[in-house]
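One-letter residues, chain by chain:
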Amino acid sequence: MKAIQVKQPGGPEVLELVDLPVPEPKADEAVVKIAAAGVNFIDIYYREGRYKAPLPLIAGQEAAGLVAAVGSDVESVKPGDRVAYTGILGSYAEYASVPAARLVAVPSGVNDQEAAAALLQGMTAHYLVHDTFRLQKGHTALVHAAAGGVGLLLVQMARRIGARVIATVSTEEKARLAREAGADEVILYTRTDFQDETRRLTGGTGVDVVYDSVGKETFEKGLSSLTVRGMMVLFGGSSGAVPPSDPILLTQKGSLYLTRPSLAHYTVTPEELTSRAEAVFTMLGAGELKLRIAHTYKLADARQAHRDLEGRKTTGKLLLLP
Ligand code: NDP
């Protein structure tokens, strides 16, 4: 089978198209024939070595497709079932062997590309608004990189709850998409100081929660954009990792809360995984959540997909189609 392998950490050029044997399932695994693989920013962290895994690795950790074979202990799925998964490395490939407990069933109203586009980023947006900070009507949220994959879904889910959303983006085109997704206010943070503008838009009070996936370039000003006892939800570092800082900063800025969550800890049990995936697929099926699959690439073009994503050229979701 064809797969995209990383032998040494580095830039997009380390993503190498290779031929490997189709994997055999271990007793608790199912082999998935991949129809679409999601491209996510976390794939860049693994490629660069910012997140560690034994090398060589097959990149990617999100896909949808058909079960091709199952291990001897697997009863939850059978060959021919349509499934999706996230959180297991190896999805930039034609086949991947995945623990059966990490597979979710894809309902008939959701196609393979939609499933691969929605699972990781949709479940992320879902836990961020429902569990990390329980967003409610009357709250104001600041959402960075709002035209990105997670961003567009996060804005829609926050608006669905009835919260006011202040979004940041880098271009006019991204601003238009953020508004279409439901953002009440959009700040072009590459031109306007988002801290000052957020304070102005909230009458000096600040926002209840900041959803920050940009990290290095936005973190400190984000803390200064929060209301007293507001929450900083730092969930990524697209611009780089946030440097260490003294917790007294949280006191000085208003007894703030800080969390650094990960999807893995919000899909711990098969029950939690299934119910969160179902919630996302149900919203999709009901038309309450719109996906923007703006960029599809052949598997062999994984390097280009990474260049586009890290070059801030993309909006919504990127998929690789093996
Ligand atoms: P995006 O589609 O959001 O792409 C990244 C965006 O970040 C860019 O489009 C860009 O938007 C913005 N950005 C700001 N500064 C930079 C920079 N210096 N370099 C590159 N991009 C920059 O990606 P994803 O939706 O895949 O992921 C978004 C973030 O969410 C990532 O940080 C990812 O790690 C995180 N994440 C965290 C999860 C968790 O559970 N903790 C789960 C899923 C994702 P603009 O041009 O508008 O500034």
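Sequence positions are assigned chain by chain, starting from 1 and proceeding in written order. Local features in a predicted model are, by the rule used here, given only for residues with pLDDT of at least 70; side-chain atom pairs are given and counted only at 80 or more, and totals for whole chains, interfaces and linings are based on all residues. Hydrogens and water molecules were not included; the side-chain quantities draw on all heavy atoms of the structure.

Q: Can you explain the domain arrangement of the protein? Please cite residues and give values.
A: In this entry, domain limits derive from an automatic or database-based domain assignment. Per the domain assignment, the segments of the protein are domain 1 (2–119 + 267–321) and domain 2 (137–260). At the junction of the two partners, domain 1 supplies 14 residues and domain 2 supplies 21 residues. A simple way to read buried area is as the amount of 1.4 Å-probe accessible surface that goes missing from two parts once joined, with both sides added. Of the roughly 1400 Å² buried between domain 1 and domain 2 on both sides combined, carbon and sulfur atoms contribute 52%. For this analysis, a salt bridge means a side-chain nitrogen from Lys or Arg found within 4 Å of a carboxyl oxygen belonging to Asp or Glu. At the surface where domain 1 touches domain 2, the tally comes to 1 salt bridge. Contacts are assigned to residue pairs that have any heavy atoms within 4.5 Å of one another.

Q: Go over the packing of helix α3 (residues 149–161) against helix α4 (residues 172–181) with me, naming the residues and quoting the values.
A: Any two packed helices are characterised by the angle at which their axes cross and by the distance between the axes. Taken N-terminus to C-terminus, the directions of α3 and α4 make an angle of 30°; their axes are 8 Å apart at the nearest point. As the angle between them shows, α3 and α4 are arranged roughly parallel. Handedness of the α3/α4 crossing: right-handed. Residues Leu152, Val155, Gln156 and Arg159 of α3 lie in contact with α4, whose contacting residues are Leu177, Ala178 and Ala181. Here the axes come from fitting lines to C-alpha atoms, over the contacting stretch only for helices, and the angles between their N-to-C directions go from 0 to 180 degrees. Helix and strand definitions here come from DSSP, where helices need a minimum of 4 consecutive H or I residues and strands a minimum of 2 consecutive E residues; each element is numbered from the N-terminal end. Oblique is the label for any angle not covered by the other classes, which are roughly parallel (under 35 degrees), roughly antiparallel (over 145) and roughly perpendicular (65 to 115). Crossing handedness: left-handed means the near helix sits turned counterclockwise from the far one by under a right angle, and right-handed means the same turn made clockwise.

Q: Quick rundown of the sheet that holds strand β12 (residues 207–212)? Include the residues and the values.
A: Strand pairing in a sheet is mediated by backbone hydrogen bonds. Such pairs are either parallel or antiparallel. Whether two strands pair depends on DSSP finding at least two bridges between them. Taken in spatial order, the 6 strands line up as β11-β10-β9-β12-β13-β14 in an open sheet, and their pairing is parallel. Unpaired on one side and paired on the other, β11 (185–188) and β14 (257–259) mark the two borders of the sheet. Neighbour-to-neighbour, the strand axes of the sheet open up by a mean angle of 15°, direction not taken into account. Direction of pairing for β12 relative to strand β13 (residues 226–234): parallel, over a ladder of 5 bridges. Within the sheet, the bridge partner assigned to tyrosine 211 lies in β13 and is valine 233. Sitting on the sheet, helix α2 (residues 112–132) touches β12, β13 and β14, and the angle it makes with β13 is about 145°. Sheet strands touched by α4: β10 (164–169) and β11. Its angle to β11, the strand with the most contacts, is close to 160°.

Q: Describe in detail empty space enclosed by the protein, supporting the description with residues and values.
A: Site definitions follow a grid-based scheme: protein atoms alone, a 1 Å grid, a 1.4 Å probe that fits but cannot get out for cavities, and for pockets an open set with protein on both sides within 12 Å along at least five of seven lines, plus lining residues having an atom within 4 Å of a point. Grid points are joined across faces, edges and corners, and a volume is the space filled by probe spheres set on the points. Taken as a whole and assessed by the stated rule, the structure comprises 1 cavity of 30 Å³ or more. As a volume, the largest cavity reaches approximately 50 Å³. Forming the boundary of the largest cavity are Ala117, Gln121, Gly148, Gly149, Leu152, Leu153, Lys290, Leu291, Arg292, Gly316 and Lys317. Elements with a contribution of two residues or more to the lining of the largest cavity: α2 and α3. A per-element tally of the lining of the largest cavity places α3 first, with 3 residues. Classifying every residue of the lining of the largest cavity gives 4 nonpolar, 4 polar and 3 charged. A domain split of the lining of the largest cavity shows at least three residues from each of domain 1 (2–119 + 267–321) and domain 2 (137–260). For this scheme, ten residues count as nonpolar: Ala, Val, Leu, Ile, Met, Phe, Trp, Tyr, Cys and Pro. Four count as charged, namely Asp, Glu, Lys and Arg, and the remainder, Gly too, count as polar.

Q: Lay out the nonpolar core with the relevant residues and their values.
A: Among the buried residues, those of types Ala, Val, Leu, Ile, Met, Phe, Trp, Tyr and Cys that are joined through side-chain atoms within 4.5 Å form a nonpolar core. When a residue's accessible area, from a 1.4 Å probe over protein chains only, is under 20% of the maximum for its type it is buried; when over 50% it is exposed; and in between it is partly exposed. Leu135, Leu154, Val169, Tyr211 and Phe281 are the most contacted members of the largest nonpolar core, which has 56 residues in total. With 11 residues, α2 is the single largest residue contributor to this core. Two domains each put at least three residues into this core: domain 1 (2–119 + 267–321) and domain 2 (137–260). With residues near it in sequence (within four places) discarded, phenylalanine 281 still touches Val104, Ala105, Val106, Pro107, Val110, Ala115 and Leu119.

Q: Residues and numbers for the sheet that holds strand β1 (residues 2–6), please.
A: On the basis of which strands lie adjacent, the open sheet formed by 3 strands has the order β2-β1-β4 and antiparallel pairing. Looking at which strands have only one partner, the edges of the open sheet turn out to be β2 (15–19) and β4 (57–58). Bridge count for β1 against β2 is 5 bridges, and the pairing is antiparallel. Note that in β2 the partner of valine 6 across the bridge is leucine 15.

Q: Mind laying out the side chain of aspartate 212, listing which residues take part and the relevant values?
A: Mapped onto the elements of the fold, aspartate 212 is located in strand β12. Each polar contact in these results corresponds to two N or O atoms within 3.5 Å; when the atoms are within protein, one needs to be able to donate a hydrogen and the other to accept it, and residues that are neighboring in sequence are counted only if both atoms are side-chain atoms. Among the polar contacts listed, one links the side chain of aspartate 212 to the side chain of threonine 218, at a separation of 2.9 Å. With residues up to four places along the chain from it excluded, the contact list for aspartate 212 reads His144, Thr218, Phe219, Met232, Val233, Leu234, Phe235 and Gly236.

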